[in-house]
Structure formats: C-alpha cells, structure tokens
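Reading the structure
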Amino acid sequence: MAITAKKALLNNQSILQNFALVEEIDEQAAEIISGGYEVFTIRNKTQYNITHVLDGKEFLMKPNEEWIYTAYQGGTIKFDVDGRDDYNQSKSYNLSDGKIYEFQDNKYTAGNPYDIELYSVG
C-alpha cells in the first residue's frame, strides 16, 4: 500500500509540475500575443504644441517637453505633420522599444515652414 501511495504522490507531483509548466507557457504566450509593452521617449523640439494619439489615447505635447511613454498596445503614434491649427495632415508610425524620438522641423521639405516630422534620434 505504501508503494501505491508513493506512486500516486509522484504521479500527482508530476501532474502539478506539468500544470505549472503549462501555466508558465500560457503566460508567455499571452505576453507575446498582447505584444507585451514598449517604452520609448519623445521630445518636442518644435515651436508648436503637438497633439498626437498613441495607441488610441490623445496627448498634447508642448515645445521643449520630453515624455517617457509605456505603450501596451503596439506603440503606434499618429500626429499632424503640419504645425498650423487650421490644417491637418496625419501621419502614423509604429515606434520601437527603447528608442528616443523627436518632433522636429522637417529637414527635407523645402518651402513649408510649418512641416514637422518625428525622427528617431537614439
């Protein structure tokens, strides 16, 4: 009887270990599926207040501000590339974990002093 009880105990222990392993794998899979989270920094190096939407939530960043974001839904940013209040031209990017970004005057657009862009700077 002691051998049968010992076998049952070992069997139960094995089942519990397998359950813990499956639970850990499920947690890892959930993190992969959800995308985990990403952390990045954005600075506003323009003279404009920049309204932007990050993963569906709207923010207003003032000139010379620097924010550190934690994004749980992919890190997609959408913003207006034109600094004028009465003109809207949206652009979106998927930001990368650990990067530093800056809103700057667009270096490559001649003739439009209101044109802004989001650059990766680090």
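Scroll up to find the structure.
This is a predicted model, so every value here is computed, not measured. (Residues numbered from 1 in each chain as written. Predicted model: local features only at pLDDT ≥ 70, side-chain atom pairs only at ≥ 80, totals over all residues. Heavy atoms only, no water.)

1. Some details on unusual backbone geometry
- The backbone of Asp 55 sits at a positive phi, close to 50 degrees, despite the residue not being glycine.
- Looking at where Asp 55 falls in the secondary structure, it is placed in the loop between strand S2 (50–54) and strand S3 (57–61).
- Classification of Asp 55 by relative accessible area gives buried; the value is 18%.
- With a phi close to 65 degrees, Asn 64 is a non-glycine residue in the positive phi region.
- Among the secondary structure elements, Asn 64 is positioned in the loop between S3 and strand S4 (66–71). (Helix = DSSP H or I, 4+ residues; strand = E, 2+ residues; numbered from the N terminus. Buried < 20%, exposed > 50% of the residue type's maximum accessible area, 1.4 Å probe, protein only.)

2. A few points about the environment of Ile 77
- Its place among the elements puts Ile 77 in strand S5 (residues 76–80).
- Its relative accessible area of 0% is what places Ile 77 among the buried residues.
- For the pair Ile 77 and His 52, spaced 25 residues apart in the sequence, the C-alpha separation amounts to 6.8 Å.

3. Some words on the pattern of salt bridges
- Following the criterion strictly, the structure yields 3 salt bridges and no others.
- One salt bridge in this structure joins Glu 66 and Arg 43, with 2.9 Å as the shortest N-O distance. Note that Glu 66 is positioned in strand S4 and Arg 43 in strand S1 (residues 38–44), a separation of 23 residues in sequence.
- Given a relative accessible area of 21%, Arg 43 falls into the partly exposed group.
- The structure contains a network of salt bridges with shared partners spanning Arg 43, Glu 66 and Glu 102. (Salt bridge = Lys/Arg side-chain N within 4 Å of Asp/Glu carboxyl O.)

4. Things to note about the packing of aromatic side chains
- Applying the stated criterion across every chain yields a total of 8 aromatic pairs.
- Through pairs of rings, three or more aromatic residues link up here, namely Phe 40, Phe 59, Trp 67, Tyr 69 and Tyr 101. (Phe/Tyr/Trp six-rings, centres within 6.5 Å; stacked < 30°, edge-to-face > 60°.)

5. Quick word on the sheet that holds strand S6 (residues 90–94)
- Read across the sheet, 4 strands follow the order S3-S2-S5-S6 without closing on themselves; strand pairing throughout is antiparallel. The two strands at the open ends of the sheet, each matched to only one other strand, are S3 and S6. Geometrically, the sheet is characterised by an average inter-axis angle of 25 degrees between neighbouring strands, direction not taken into account.
- Bridging between S2 and S3 involves 5 bridges; their strand directions are antiparallel. Bridging across to S3, His 52 finds its partner in Phe 59. (Pairing = 2+ DSSP bridges. Axes fitted to C-alpha atoms, helices over the stretch in contact; angles between N-to-C directions.)

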